[in-house]
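A closer look at the structure
Next come the chains, spelled out residue by residue.
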Amino acid sequence: MQYPFEPFADTALLQQAVTDSFCQLAEQTVAKNGVFRVSLSGGSTPRRVYEMLSQRELPWDRIHWFWGDERNVPHDHDDSNFRMVHTALLSKVDIPPQNIHAVPVDVESPAKAAEQYEQTLRQHFHGPVPDWDLVLLGMGDDAHTASLFPDTLGLGEQKRWFIENWVPKFDAFRYTMTYPAIESARNTWFIITGEAKQDALKQVLFGAEDPARYPSQRIRPTRWFVDAAACG
Ligand SMILES: O=C1O[C@H](COP(=O)(O)O)[C@@H](O)[C@H](O)[C@H]1O
């Protein structure tokens, strides 16, 4: 099979490469524009990268941290993507609180929370779409990305940047950036590791086109960070 990337021999090498590339891009972007705006992925895959970033010297006051997706749980819940990033990175370095833009999960309804976060994004990006310096994405073993899950209504969203997305298999809402907002990024890095992702990755890359079933098929990453285990 011809992969559109060179897989990393092991996960540690991949994590080092993502960390180094992140630092390089953040420094270059801050030097050029004075600010670096990144949308983070959640789940377990990027945790080590966030920990490694916390050991680096970065222009912390110039970096703005946003979440590409969030679970509908309090910020101190084990499943919270905010909590994961906070524990691994944000709590360990001196970041101005106004640079941390968490999804407001504690408001009256999921619709309101998504609407408020969309407003937060629109205050930072003034164009028709958010022009992210970097969007980090992971992929679930069902080929979802961010919280764009197979066969969910959110896949069809054309106008909004950030929505609440009902996910029947969890019987719960997730919050997620939409395709139009993801597609606006200058840099989109897809980080995929581990054997559990093999089947989904095969479908995404080589399967018949069916983005309703394999939402990650719609992502056009500028860089792939994939380890050998995910390629099989
Ligand atoms: O639910 C989610 O899943 C994906 C993949 O998570 P992982 O645990 O397999 O790394 C993640 O990219 C997304 O942000 C997260 O909320």
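How each quantity is defined
Counting restarts for each chain: residues are numbered from 1 in the order of the written sequence. Totals for whole chains, interfaces and linings use every residue, but because this is a predicted model, local features are given only for residues with pLDDT of at least 70 and side-chain atom pairs only at 80 or more, for both listing and counting. UniProt positions are given in the numbering used here, feature names are shortened, and annotations may be inferred rather than shown by experiment. A run of H or I in DSSP becomes a helix once it reaches four residues, and a run of E becomes a strand once it reaches two; helices and strands are each numbered from the N terminus. Radius of gyration here uses only the C-alpha atoms, and the compact-globule reference equals 2.2 Å multiplied by the residue count raised to the power 0.38. Our exposure labels follow a C-beta count within 10 Å of each residue's own C-beta, placed from the backbone: buried means 20 or more other C-beta atoms, exposed means 12 or fewer, and partly exposed covers the counts in between. A set of buried residues qualifies as a nonpolar core if it consists of Ala, Val, Leu, Ile, Met, Phe, Trp, Tyr and Cys joined through C-beta atoms within 7 Å. Here, residue contact means that the backbone-derived C-beta atoms of the two residues sit within 7 Å. To decide whether a residue is near a molecule or strand, its C-beta atom is placed from the backbone and checked for lying within 6 Å of it. In this classification, the charged set is Asp, Glu, Lys and Arg, the nonpolar set is Ala, Val, Leu, Ile, Met, Phe, Trp, Tyr, Cys and Pro, and all remaining amino acids, among them Gly, are polar. Given the number of residues in a helix, its expected span is that number minus one, multiplied by 1.5 Å. What the arc measures is the spread of directions leading from the helix axis to the C-beta atoms. Strands were regarded as paired on the criterion that DSSP finds at least two bridges between them. Consider the strands pointing away from the viewer: the crossover is right-handed when the path from the first strand over the helix to the second runs clockwise. Geometry is summarised by axes, namely lines fitted to C-alpha atoms with helices restricted to the contacting stretch, and by angles between N-to-C directions that run from 0 to 180 degrees.

Under the annotation held in an unreviewed UniProt entry, the protein chain carries the name 6-phosphogluconolactonase and is attributed to Stieleria maiorica. Taken verbatim from the UniProt record of the protein chain, the Sequence similarities (unreviewed entry) comment is "Belongs to the glucosamine/galactosamine-6-phosphate isomerase family. 6-phosphogluconolactonase subfamily." Quoted verbatim from the Catalytic activity (unreviewed entry) field of UniProt, the annotation for the protein chain is "6-phospho-D-glucono-1,5-lactone + H2O = 6-phospho-D-gluconate + H(+)".

In terms of regular secondary structure, the protein chain is built from 7 helices and 9 strands. For a compact globule of 232 residues, the expected C-alpha radius of gyration is about 17 Å, and the protein chain comes in at 17 Å, within 12% of that figure. Along the first, second and third principal axes, the C-alpha set of the protein chain runs to 45 × 40 × 35 Å. Counting only residues that meet the buried cut, the protein chain has 41% of its 232 residues in that class.

This part is about the nonpolar core. Counting residues in each nonpolar core, the largest one holds 57 residues, and the members touching the most others are V38, L136, F162, I182, W189, F190 and F225. Ranked by residue count, the leading element in this core is helix α3 (residues 81-90), at 5 residues. For V38, the residues in contact, after removing those within four places along its chain, are I63, W65, F66, D133, L134 and L136.

A few words on the site of the ligand. Around the ligand, the neighbouring residues are S41, G42, G43, S44, T45, D69, N81, G138, M139, G140, A146 and S147. Partitioning the shell around the ligand into residue classes produces 2 nonpolar, 9 polar and 1 charged.

Under the 1.5 Å per step criterion, the end-to-end length of helix α4 (residues 110-124) is 22 Å for 15 residues, consistent within 8% with the ideal 21 Å. Those residues of α4 not exposed but buried are A113, A114 and Y117. The buried residues of α4 occupy one face: seen down the axis, they fall within an arc of 95°. What points out from α4, more than 90 degrees from its buried face, is the exposed set A111, K112, Q119 and Q123. Where α4 is buried, its residues contact β6 (162-167) and β7 (172-177).

A word on the pairing of strand β2 (residues 63-67). Here β2 lies mainly inside the structure; 4 of its 5 residues are buried. Both strand β1 (residues 36-40) and β2 contribute to a ladder of 5 bridges, which runs parallel. The partner of R37 across the bridge, within β2, is H64. For the crossover that starts at β1, traverses helix α2 (residues 47-53) and ends in the parallel β2, the hand is right-handed.

In this structure, V135 sits in strand β5 (residues 134-138). Between the C-alpha atoms of V135 and A196, which are 61 residues apart in sequence, the distance is 23 Å.

Moving on, we come to the sheet that holds β7. Here we have 3 strands laid out as an open sheet, ordered β3-β7-β6, and antiparallel in their pairing. The open sheet has two free edges, formed respectively by β3 (69-71) and β6, since each of these has just one partner strand. On average, each strand axis in the sheet is tilted by 25° relative to the strand beside it, whichever way the strands run. Across the face of the sheet, α4 comes into contact with β6 and β7 while running at roughly 150° to β6.

Look at the UniProt record and you will see "domain: Glucosamine/galactosamine-6-phosphate isomerase" (unreviewed entry) annotated at residues 10-222. The span residues 10-222 shows a helical share of 32% and a strand share of 17%, and its end C-alpha atoms are spaced 21 Å apart.

Taken across its 5 residues, β5 has 5 buried, putting it largely inside the fold. Of the two faces of β5, the one carrying L134, L136 and G138 and the one carrying V135 and L137 are both buried. Both β1 and β5 contribute to a ladder of 2 bridges, which runs parallel. When the sheet's bridge partners are listed, S39 is paired in β5 with V135. Direction of pairing for β5 relative to strand β8 (residues 188-192): parallel, over a ladder of 4 bridges. Directly across from G138, in β8, lies its bridge partner I191.

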